[in-house]
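# Fold and contact review
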Amino acid sequence: MKLDNVFKKTRIAVGRKNYITFTRRPEVPEGLLRKCNKCGGAIIAEDVKRDYYICPKCGGYFRVHARRRIEMVTDEGSFEEWDEGFQGGNPLEYKGYEEKLKNLQEKTGLSEAVVTGKAKIDGREVAIGVCDGRFLMASMGEAVGEKIARAVERATKERLPVILFACSGGARMQEGIISLMQMAKTSAALKRHSDAGFLYISVLTDPTTGGVTASFAMLGDVILAEPKALIGFAGPRVIEQTIGQKLPEGFQRAEFLLEHGFLDAIVERQQMKETLSKILALHDAGENIKDSEEYGRKEVNLNNLDSQKNELTAWQRVELSRRKDRPVGSDYIDALFTDFIEFHGDRYFADDKAIIGGVARFHGMPVTVIAQAKGRNTKENIERNFGMPQPEGYRKALRLMKQAEKFGRPVICLVDTPGAFCGLEAEERGQGEAIARNIYEMSGLRVPVVSIIIGEGGSGGALAMATSDEVWMLENSIYSILSPEGFASILWKDSSKAKEAAEVMKLTAENLKAQGIVERVFEEPEDYTVQNMNGVIAQMDEAIDTFLLKYEALSETELLDHRYARFRSM
């Protein structure tokens, strides 16, 4: 043993002479200190365990054993394990594989790389599966695929939501093609669970790669991830070797996937149980009852609604619809709904911030809310592309609408866009197809849909969120084939004649109601801002309440026939 490991050497100067003293180093009990593999700092193991296995110095996440993860997110004592002790075989007769499995079983106390069972989260029963990276990096072989498939099948039979925590190096090489088939097996089981109308939440932890990413991990109705988790099909080393390039910082991390549309949210480990509980509550059939007393109808009154007294020209209403201080989509979400959870991404390319969408409650009833978003200030305007959605924005909206259809939730759309974005990249990614697909799918959506134009309703970019059972407008909003400037430029070759074009186009709420294009118009106060929107909210609140009572009472056939007849008559 080196002397420096036992004693601390100190040099002391006395006059011109130097003396060296040795003092015994303080002894640290074995196992008390650990070294963070992210920042290199010395950390106290027990403190880390108490703090959700997070480094107190750098905030880095340590990997969590499956049973500890279950303890962290479920109610104490509620977990009932399924298929305990289940093991797979050695289909390739791979040398040394069986011995390796046996050693891992003894070391980890697990029979395989996933633990499955039933538990409760804030009193709600769920089927849960958690991968454990200690067991062959939680690679998916026959036993892992079988345990997950069995858990999903049992959840379908018992009518339970499924939560799977993924952590994996991918398919298990030692089992060859049998491992590959587990991708199909788990996906097929989840398809049956989904077709039966049940919720699946996928939680991606570090790392989630390969065949697990390309199967059950990315199939959730809701996909969450822990911060900075590595998520991808091919691992970074494989990609770098294939393309011969160094990958950029943050590539394949959770934040990268959120930006590119593949996650609904990134959730801190400390908030995971609470977030799962909120999502489960919004999908709990036993709680999804309209109850304005329990959830509190927002107190609003009409006394402060000083409606527009003077007759305005069409152009003046265009200008009012574009005012920078006019309430935007997020203001209406805050005012009309409770318990809003925003979901992100189109699952194809990006998360378009020009569209906000998620699940909320209206008087206690779960609803899907989707709003075109312009932002409240210049910074937000730029971030949200001034409310002009890209194709991925419309695809995100459609994904949320189809999810609403699966769970029987009404859809409420808030429309406010000068039009769909018409840039080069939007055309490259299929802007026309995305708008067409929304209109096509909305026409046959098997749940009630209402669209409210709160500002500008520009062209197909607005119709892609307004193919509804009813369309309503605010008094000073507009809805038109394109902007007055565009109309004047195309037909008169002079965009300066926008004022005259606005009159010709009959784009005001009054004109459109008279033509039967919209069913309802809400009065606005003069100088309409967030500060005086209570009166408008009161009207909208009552109208949505009436709408839901009326359309929820229709059969699916009656609902679809009514919507088809509405547009067929125009």
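Refer to the preceding data block for the structure.
Residues numbered from 1 in each chain as written. Predicted model: local features only at pLDDT ≥ 70, side-chain atom pairs only at ≥ 80, totals over all residues. Heavy atoms only, no water.

### A word on the overall build of the protein chain
Spelled out, the test is: Secondary structure elements follow DSSP: runs of H or I no shorter than four residues count as helices, runs of E no shorter than two count as strands, and numbering proceeds from the N terminus. Partly exposed residues are those whose accessible area sits between 20% and 50% of the maximum for their type, while under 20% is buried and over 50% is exposed, using a 1.4 Å probe and protein chains only. Pairs of residues are marked as contacts when any of their non-hydrogen atoms sit within 4.5 Å. The accessible surface values rely on the Shrake-Rupley method and a 1.4 Å probe; as for residues, cover is taken only from the protein chains in view. In this count, Lys and Arg are taken as positive residues and Asp and Glu as negative ones, while His and the chain termini are left out. Note that the charge is assigned to NZ on lysines, CZ on arginines, CG on aspartates and CD on glutamates.
Counting its regular elements, the protein chain contains 23 helices and 20 strands. For the protein chain, the spread of C-alpha atoms along the principal axes amounts to about 95 × 75 × 55 Å. The burial tally for the protein chain puts 52% of its 570 residues in the buried class. Sequence-distant contacts, at least 24 apart, represent 71% of the contacts inside the protein chain between residues at least 6 apart. A total of about 27,500 Å² of accessible surface is found on the protein chain, and carbon and sulfur atoms cover 51% of it. One finds the centroid of the 77 positive side-chain charges in the protein chain at a distance of 8 Å from the centroid of its 85 negative side-chain charges.

### Brief notes about helix α23 (residues 556-568)
What counts here: One less than the number of residues in a helix, times 1.5 Å, gives the span that helix is expected to have. As used here, the arc belongs to the directions running from the helix axis to the C-beta atoms.
Between its first and last C-alpha, α23 extends 18 Å over 13 residues, near the 18 Å set by a 1.5 Å rise per residue. Within α23 the residues assigned to the buried category are L559, R563 and R566. Taken around the axis of α23, the buried residues stretch over an arc of 60 degrees, which confines them to a single face. The exposed set on the far side of α23, more than 90 degrees from its buried face, consists of T557, Y564 and R568. Looking at the packing, one finds that the buried side of α23 touches α17 (431-443), β17 (449-458), β18 (470-474) and α22 (534-552).

### Focus: helix α12 (residues 314-321)
Buried within α12 are the following residues: A314, W315, R317, V318 and S321. Along α12, the residues classed as buried sweep out an arc of 160 degrees about the axis, all on the same side. Where α12 is buried, its residues touch β17, β19 (478-480), α19 (484-492) and α20 (498-505).

### Some thoughts on the packing of aromatic side chains
Convention followed: Each aromatic pair joins two rings of Phe, Tyr and Trp (for Trp, the six-membered one) with centres within 6.5 Å, and gets the label stacked for planes under 30 degrees apart, edge-to-face for over 60, and tilted for any other angle. Charges are assigned to positions over rings by a cutoff of 6 Å between ring centre and Lys NZ or Arg CZ, combined with an angular limit of 35 degrees from the ring normal.
Applying the stated criterion to the full structure yields six aromatic pairs. Between F251 and F256, the ring centres sit 5.0 Å apart and the planes meet at 65 degrees, which makes this aromatic pair edge-to-face. Of the residues examined, F251 reaches a relative accessible area of 25% and is grouped as partly exposed. The exposure class assigned to F256 is partly exposed, which follows from its relative accessible area of 26%. Measuring from ring centre to ring centre gives 5.9 Å for W472 and F547, while their planes differ by 90 degrees; the resulting arrangement is edge-to-face. Placement of the pair is W472 in strand β18 and F547 in helix α22, with a sequence separation of 75 residues. An aromatic cluster is built from W472, F522, F547 and Y551, whose rings are joined through pairwise contacts. The ring of W472 has R520 sitting right over it, with the charged end atom 5.5 Å from the ring centre.

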